[in-house]
Amino acid sequence: MSRQAPDALMPAAETDVILGELGVLLLECGTSVTDVRGSLEQVSRRAAPETRLEFAILPEMVMVSRPGSASATTTVIGKGEALTFRQSARASRLVRDLETGGLPLAAAPVRMRAIRATPRRIPGAQSVIGCGLLSAALAVLFRCPWWAAVLALIVGLLVGGLTILMMRVRAAAAVAPFVSSFVSTLLVGVVANALDLGPVPLFAVCAPVAILVPGALITNALLELTSTDIVTGASRLMYGLIMLAFMAAGLYSGAALTGLRVDSSSAALVGETVHLSTESGGWDALPPQWTAWLAVVVLAIGIGLAFGSGFRLTVVCIAAMTGTYAVLAFFSPQVGSVVATGVAAAVLFVAARVLERVTLAVPATVSFQPAFLLLVPGTIGLVALASFDAQALASAPMMFLSLCIGTKVGSLLADLARITRSTVFLRWTKPARMGEL
């Protein structure tokens, strides 16, 4: 009771503002509006059990209202700045402390200011190096020739630096997907023509810009649409499709300018890599199959550097992505790449939710979203739009649908598994106790 005393004495307006700021913080962590609303409802029940609050969540705005009250609706608008993975983990711990009553709501503003002020060492250099490692690791993972992996590393470093510079200017940030894709394809095309390499593997072109592909954004938008968050889901979906179209336009323009051709026999999905073979040696040889596991580790390290994970969260990324790759590698030969993608999404979502409940309080966005680079739904759509390949255009919606269904099934399983946990269980037991009284 003593823990909740400060919250009970807080003015209603101050409580609403703090809850709104907490919701904005979660939005900047990349949390879906459905999860943000659920977290705010649990925190409000703990902080103000006698008051009924309702929340309206938009991509960069949280509105808190009190039905039946004459007070005005409290609106808190975010800055739209994405937080690092490390900041997201600290925000997840804050929400967990508030949900369990371990921290009064009145103390939340101090914690939120500390989260936003979390330092990051040499963020520019870390992001550029992360983009380079991510690009090279994807090229090796999808078994591009060694020359393509080296080229992807160099182009990834250059594109990463260019993207960071453009993101600092609001006007330039809007066209960053197009410019980055155009420059990446232009560089790959120039090198391919200079060295007379012929058709280049798919991921020699896509790997340097894979970090910009809005696959997770589009999939989350579909999930929000199926959760009746129509406005937010539709706006996110439209934004993701515009980004995808910009990237496809950049890729198509660069390829048309240089005459770049993509090798149709190269792998587009993880499950297709086992079928690749070549008799060439040296720089034209394909990496051995076992190097894919090492590439997954390097890929996770690159993501950790690019998104500011820190050491512990990078270890979490390595575990999540290794598990995802193991599921894809096992199920793809059995049921095909489309079904395997849905199975991997379901397993990964459940694992992310379980991990979110442990002591480390790792948010699902940290462990779930990086693995989308292995599922690569956005890259499939990107190549389909750029190449106008009928088969690719047909398979892209199926991959998105598989991801959406798999994630929704995982969400259902995670919710059922949490029935015995504190928040849901207490909600069921409170009426019984009240009846006993």
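What this report covers is the structure whose coordinates are included nearby.

### Overview of the pairing of strand E2 (residues 61–65)
In the case of a regular strand, side chains alternate between the two sheet surfaces.
Phase 1: Along E2, the buried face is formed by Val 62 and Val 64; none of Met 61, Met 63 and Ser 65, which line the opposite face, is buried.
Phase 2: For strand E1 (residues 54–58) and E2, the ladder comprises five bridges, and the chain directions are antiparallel. Each residue of the ladder has a partner; that of Ile 57, found in E2, is Val 62.
Phase 3: Sheet topology places E2 next to strand E3 (residues 74–77); four bridges connect them, and they run antiparallel. When the bridges of E3 are listed, Val 62 appears paired with Val 76.

### Quick look at the pattern of salt bridges
Phase 1: This structure, assessed with the given rule, holds five salt bridges.
Phase 2: Residue Asp 229 pairs with Arg 37 through a salt bridge whose shortest N-O separation is 2.9 Å. Taken together, the positions of Asp 229 in the loop between helix H11 (215–226) and helix H12 (230–258) and Arg 37 in helix H3 (residues 33–47) put the pair 192 residues apart, joining distant regions of the chain.

### Some remarks on helix H5 (residues 108–116)
Residue pairs spaced three or four apart in an α-helix point in one direction, given the helix's 3.6 residues per turn.
Phase 1: Looking at H5, one finds that the buried residues are Ala 108, Pro 109, Met 112 and Ile 115. Relative to the axis of H5, the buried residues are bounded by an arc of 120° and lie together on one face. Facing away from the buried side of H5 by over 90 degrees, the exposed positions are Val 110 and Arg 113.
Phase 2: Those residues of H5 that are buried lie in contact with helix H2 (12–28) and helix H4 (85–100).

### Here's the deal with the nonpolar core
Phase 1: Counting residues in each nonpolar core, the largest one holds 44 residues, and the members touching the most others are Leu 138, Leu 141, Val 188, Val 200, Phe 203, Leu 260 and Leu 299.
Phase 2: Among the elements of the structure, H4, helix H6 (123–141), helix H7 (146–167), helix H9 (176–194), helix H10 (202–206), H12, helix H13 (291–306) and helix H14 (311–335) are those that each provide at least two residues to this core.
Phase 3: Per-element accounting of this core gives the leading share, seven residues, to H7.
Phase 4: In terms of nonpolar packing, the next biggest core, distinct from the first, is built from 29 residues, Leu 26, Ile 57, Leu 94 and Met 112 among them.

### Remarks on H13
Phase 1: The first and last C-alpha atoms of H13 sit 22 Å apart over 16 residues, in line with the 22 Å expected at 1.5 Å per residue.
Phase 2: Turning to H13, its buried residues are Thr 291, Ala 292, Ala 295, Val 296, Leu 299, Ala 300, Gly 302, Ile 303, Gly 304 and Ala 306.
Phase 3: Within two residues after H13, Gly 308 carries a phi angle of roughly 65°, on the positive side.

### Overview of the packing of H6 against H13
Phase 1: The N-to-C vectors of H6 and H13 enclose an angle of 160°; their axes lie 7 Å apart at closest approach. Considered as vectors, H6 and H13 are oriented roughly antiparallel to each other. Between H6 and H13 lies a crossing of left-handed hand. Every residue of H13 that contacts H6 at Gln 126, Ser 127, Ile 129, Gly 130, Leu 133, Leu 134, Ala 137, Leu 138, Val 140 and Leu 141 is listed here: Thr 291, Ala 292, Ala 295, Val 296, Val 298, Leu 299, Ile 301, Gly 302, Ile 303, Leu 305 and Ala 306.
Phase 2: Taken together, the residues of the contact of H6 with H13 sort by class into 16 nonpolar, five polar and no charged.

### What about the packing of aromatic side chains?
Phase 1: Evaluated as defined, the whole model comprises four aromatic pairs.
Phase 2: Note on Phe 178 and Phe 182: the rings are 6.1 Å apart at their centroids and 10° apart in plane angle, and the pair reads as stacked. Highlighted residues: Phe 178 and Phe 182, both in helix H9, separated by four residues, approximately one helical turn.
Phase 3: Of the residues examined, Phe 178 reaches a relative accessible area of 31% and is grouped as partly exposed.
Phase 4: Measuring from centroid to centroid gives 4.8 Å for Trp 293 and Tyr 325, while their planes differ by 90°, and the two rings are edge-to-face. Pair noted here: Trp 293 is in helix H13 and Tyr 325 is in helix H14, with a separation of 32 residues, a long-range link.
Phase 5: Trp 293 sits in the partly exposed class, given a relative accessible area of 40%.
Phase 6: Its relative accessible area of 3% is what places Tyr 325 among the buried residues.

Conventions adopted
- Residues numbered from 1 in each chain as written.
- Predicted model: local features only at pLDDT ≥ 70, side-chain atom pairs only at ≥ 80, totals over all residues.
- Heavy atoms only, no water.
- Buried < 20%, exposed > 50% of the residue type's maximum accessible area, 1.4 Å probe, protein only.
- Helix = DSSP H or I, 4+ residues; strand = E, 2+ residues; numbered from the N terminus.
- Pairing = 2+ DSSP bridges.
- Salt bridge = Lys/Arg side-chain N within 4 Å of Asp/Glu carboxyl O.
- Arc of directions from axis to C-beta.
- Contact = heavy atoms within 4.5 Å.
- Core = buried A, V, L, I, M, F, W, Y, C linked by side-chain atoms within 4.5 Å.
- Expected span 1.5 Å × (residues − 1).
- Axes fitted to C-alpha atoms, helices over the stretch in contact; angles between N-to-C directions.
- Parallel < 35°, antiparallel > 145°, perpendicular 65-115°, else oblique.
- Left-handed = near helix turned anticlockwise from the far one by under 90°.
- Nonpolar A, V, L, I, M, F, W, Y, C, P; charged D, E, K, R; others polar.
- Phe/Tyr/Trp six-rings, centres within 6.5 Å; stacked < 30°, edge-to-face > 60°.

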